[in-house]
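Letter by letter, the chains look like this.
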Amino acid sequence: MKIAVVGGGGREHAIIKALKKSPKVDKIYALPGNGGIAADAECVDIGAKELSRIVDFAVDNAIDYVVVAPDDPLAMGLVDLLEAKGIPAFGPKASAAIIESSKAWSKDMMRRYGIPTAEYRTFDDPGEAMEYVEKAELPVVIKADGLALGKGVIIAESREDAREGIKSIMEDKKFGDSGNVVVIEEFLRGPEVSVLAFTDGNVVRPMISSMDHKRALDGDKGLNTGGMGTIAPNPYYTQAVADECMEKIFLPTIKAMNQEGRTFRGCLYFGLMITEKGPKVIEYNSRFGDPETQVVLPLLQGDLLDIMMACTNGTLSDVDFRFSSDSACCVVAASGGYPVSYKKGYPVTLPDDTSRIYIAGTKLQNGVQVTSGGRVLGVTETAPTLREAVDKAYRTMEKVSFQDMYYRKDIGARALEALEK
Ligand code: AMP
Ligand code: GLY
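Here the structure is a predicted model, which is why all the values come from computation and not from measurement.

A. Focus on the pairing of strand β17 (residues 278-285). For β17, the buried fraction is high: 8 of the 8 residues fall into the buried class. Pairing of strand β16 (residues 266-275) with β17 involves 7 bridges; the strand directions are antiparallel. Paired with M273 across the two strands is K280, which belongs to β17. A loop of 2 residues connects β16 with β17, the two strands running antiparallel in sequence.

B. Spotlight on the sheet that holds strand β10 (residues 192-199). Strand order in the open sheet formed by 4 strands is β11-β10-β16-β17, with antiparallel pairing between adjacent strands. Two strands in the sheet have a free side with no partner beyond their single neighbour: β11 (204-206) and β17. Across this sheet, the average inter-strand angle for adjacent strands is 35°, counted without regard to direction. Bridging between β10 and β16 involves 8 bridges; their strand directions are antiparallel.

C. Summary view of the environment of K255. You can see K255 is positioned in helix α9 (residues 239-259). Spatially, the C-alpha atoms of K255 and M273 are 21 Å apart, while their sequence positions differ by 18 residues.

D. View of the site of ligand 1. Within the structure, ligand 1 sits among 15 residues, and E185, E186, L188, E192 and E283 are positioned closest to it. Here an oxygen atom of ligand 1 sits 2.4 Å away from a polar atom, N or O, in the side chain of E192. Separating an oxygen atom of ligand 1 from a side-chain N or O atom of K214 is a distance of 3.0 Å. Burial of ligand 1 by the surrounding chains reaches 92%, relative to a free accessible area of 470 Å². Put simply, the parts of the chain that give the shell around ligand 1 at least two residues each are β7 (140-144), β8 (153-156), β9 (182-186) and β17. Here the residues of the shell around ligand 1 sort into 8 nonpolar, no polar and 7 charged.

Parameters at a glance
Residues numbered from 1 in each chain as written. Chains lettered and ligands numbered in written order. Predicted model: local features only at pLDDT ≥ 70, side-chain atom pairs only at ≥ 80, totals over all residues. Heavy atoms only, no water. Buried < 20%, exposed > 50% of the residue type's maximum accessible area, 1.4 Å probe, protein only. Helix = DSSP H or I, 4+ residues; strand = E, 2+ residues; numbered from the N terminus. Pairing = 2+ DSSP bridges. Axes fitted to C-alpha atoms, helices over the stretch in contact; angles between N-to-C directions. Near = heavy atom within 4 Å. Polar contact = N/O pair within 3.5 Å; in protein donor to acceptor, adjacent residues only side chain to side chain. Areas by Shrake-Rupley, 256 points an atom, 1.4 Å probe, with all protein chains shown as cover. Nonpolar A, V, L, I, M, F, W, Y, C, P; charged D, E, K, R; others polar.

Here it is, written out as structure tokens:
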């Protein structure tokens, strides 16, 4: 089969490396891919948001199946457009991708169906939002309604910060129209767990749990980033928590989407907080997480293409797959200055064996990979224990270099502490 994968980051590289293992896959195109993905797929210079060019490419090249990885094209309706041309695609239609693309919508949905989440109010008027935070309990969480590259969340410790946050989102339009509406919610405490789940709209099959490390610096200091590293499984996600999540969150969400006439097919990402009162939803994503995918897929035992197509066809219960009992650790190497501003164009040195290197931001210049983004790559290693996986990942990272490179030295530290307590 001929497959096209839309997107060009570390997540897409991990998806492509997993798809390549399927005996059914003859050829993979990446739109647009990147300098590292080029070793595993044919990169085509079409951006993930160029919907009509993507559809034309798929038609002209008789693509059998398209995997849409990033949030933007899903929210813009790429899966709908492809299906209209008779090309099956992995990912939700726009009507279901709203679960990520509007936080106000997803909060209201959770309220309607009794799915546990933080208490909240939504506002389309900055004055009313300002008034509300004068009395709200601190810290208070302010979120832009729409997509904001994972950066539209402000945790305000003071009223001053809260007012500033509302102003930047609603008045200065830091995230454009994504900030026309804000959700202001209660601050939840507890360990965070990411659970990605395959679903065909009827059956939901959670993947192995993981833990993201969102802040730029060690000890969870510094600015929020797209994610500086991940581990799997997440030690806070015990069997008891998993059972409760299935009963109170996963199944009710799938049912709710059906009842709303917005059947969700694809990968549904549950961002969870394990609070004293049980697990609560912090956010949904309508797609694989990045860099969660880089630890989850290396532990998958099964044919990713079969699983994806079963999600699209509504036959997920017929597919056999499981996850290894090993652990995985992914450490991300970023350009100095990320997530604010950074230089690009530095040559990247990699170890000889790149099988577990997921490239996020490089391009090829005269056959050499040079940095082209904030997050440049992730190194994932797996091992029977988390301790070994972490050590291996850091040893491999010693063989990676580029100018101004930085990475967190404590990926997995919190999980190890929890395990060894
Ligand atoms: P989101 O983009 O919704 O995942 O939010 C980004 C990060 O902000 C999350 O991963 C949490 O660490 C934090 N966060 C979001 N909502 C809350 C909340 N209600 N309480 C505490 N932390 C939150
Ligand atoms: N790692 C969080 C996300 O993909 O949104």
